[in-house]
Structures are given as C-alpha cells and as structure tokens.
Amino acid sequence: MVIQQLTISLRGGQTVVVPFNAEKADQLNPQIEAFMQALGDKQKAEGSFLFQGARVVLVRLADVSAAEVVSLIRKEEKAE
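If you're wondering where the values come from, they're calculated on a predicted model, not measured in any experiment.

### Here we look at the pattern of salt bridges
Then, in step 1: Evaluation of the coordinates by the stated rule reveals one salt bridge.
Then, in step 2: Close ionic contact of arginine 60 with aspartate 63 constitutes a salt bridge, the shortest N to O distance being 3.4 Å.
Then, in step 3: Classification of arginine 60 by relative accessible area gives partly exposed; the value is 42%.

Right, dumping it as structure tokens:
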C-alpha cells in the first residue's frame, strides 16, 4: 500500500498535512497533481482548492507558501 503525504505550509505559519492513497510511489495521486497544477496557474491564484475524501480540506491558494509530497510504502506484516 502506498500513501502520499501532502504537507502544505501556509503564509501565516500553519502547516496542513493531508494523507492520500496512491497507486504507485512514483506517480502522484490525482488530487495532489491537480493541486500542484493549480498552484502554478496564475488565473487560479486567488481561488481555493478543495481536497475530498475521508478528510475534506479547503485551501486558499494565495495563502500557500510551500508544498511537499512524501511517498510512504506500508508493508503488511505476516502473522506467524
């Protein structure tokens, strides 16, 4: 199981961490990819981005100062 953890640093000093399930460690979850594209889009800079799933998060794009994605691979332990 691959989990991608998105950490968003906001200009006010707060940090938001949003975990996602992913198909592969080297391929971004579609919501993370769309968020990164929205950050680089000057037309969307004054808008917000809504993450949907088990945890719903709304981020105002103009407040984002940095974003980082870490892929974590969770291995299931075998019962003896």
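### Notes on the environment of leucine 72
Then, in step 1: Assignment of secondary structure puts leucine 72 in strand S5 (residues 64–73).
Then, in step 2: With 51 residues separating them along the chain, leucine 72 and asparagine 21 place their C-alpha atoms 9.7 Å apart.
Then, in step 3: Ignoring sequence-local partners within four residues, the contact set of leucine 72 consists of Met1, Val2, Ile3 and Gln5.

### Some points on the environment of glutamate 46
Then, in step 1: Positionally, glutamate 46 belongs in the loop between helix H1 (30–39) and strand S3 (48–51).
Then, in step 2: Overall, glutamate 46 belongs to the exposed group, its relative accessible area being 64%.
Then, in step 3: Glutamate 46 sits 15 residues away from glutamine 31 along the chain, and the two C-alpha atoms are 19 Å apart.
Then, in step 4: The contacts of glutamate 46, once residues within four sequence positions are left out, are Arg60 and Ala62.

### Notes on the nonpolar core
Then, in step 1: In this structure, Leu6, Ile8, Phe35, Phe51 and Val59 are the most contacted members of the largest nonpolar core, which totals 15 residues.
Then, in step 2: Put simply, the parts of the chain that give this core at least two residues each are strand S1 (2–10), strand S2 (15–22), H1, S3 and strand S4 (57–60).
Then, in step 3: Apart from the residues lying within four places of it in its own chain, the contact partners of isoleucine 8 are Gln14, Thr15, Val16, Phe35, Phe51, Val59, Val64, Ala66 and Ala67.

### Here's the deal with a nonpolar patch on the surface
Then, in step 1: On the surface, a nonpolar cluster with roughly 300 Å² of combined accessible area is contributed by Leu50, Val56 and Leu58.
Then, in step 2: In this structure, leucine 50 sits in strand S3.
Then, in step 3: Looking at leucine 50, the relative accessible area reads 41%, which means it is partly exposed.

Conventions used here
- Residues numbered from 1 in each chain as written.
- Predicted model: local features only at pLDDT ≥ 70, side-chain atom pairs only at ≥ 80, totals over all residues.
- Heavy atoms only, no water.
- Salt bridge = Lys/Arg side-chain N within 4 Å of Asp/Glu carboxyl O.
- Buried < 20%, exposed > 50% of the residue type's maximum accessible area, 1.4 Å probe, protein only.
- Helix = DSSP H or I, 4+ residues; strand = E, 2+ residues; numbered from the N terminus.
- Contact = heavy atoms within 4.5 Å.
- Core = buried A, V, L, I, M, F, W, Y, C linked by side-chain atoms within 4.5 Å.
- Patch = residues over 30% accessible without salt bridge, like charges linked within 9 Å, V, L, I, M, F, W, Y side chains within 5 Å.
- Areas by Shrake-Rupley, 256 points an atom, 1.4 Å probe, with all protein chains shown as cover.

Remember, this is a structural readout, not a statement about activity or role.
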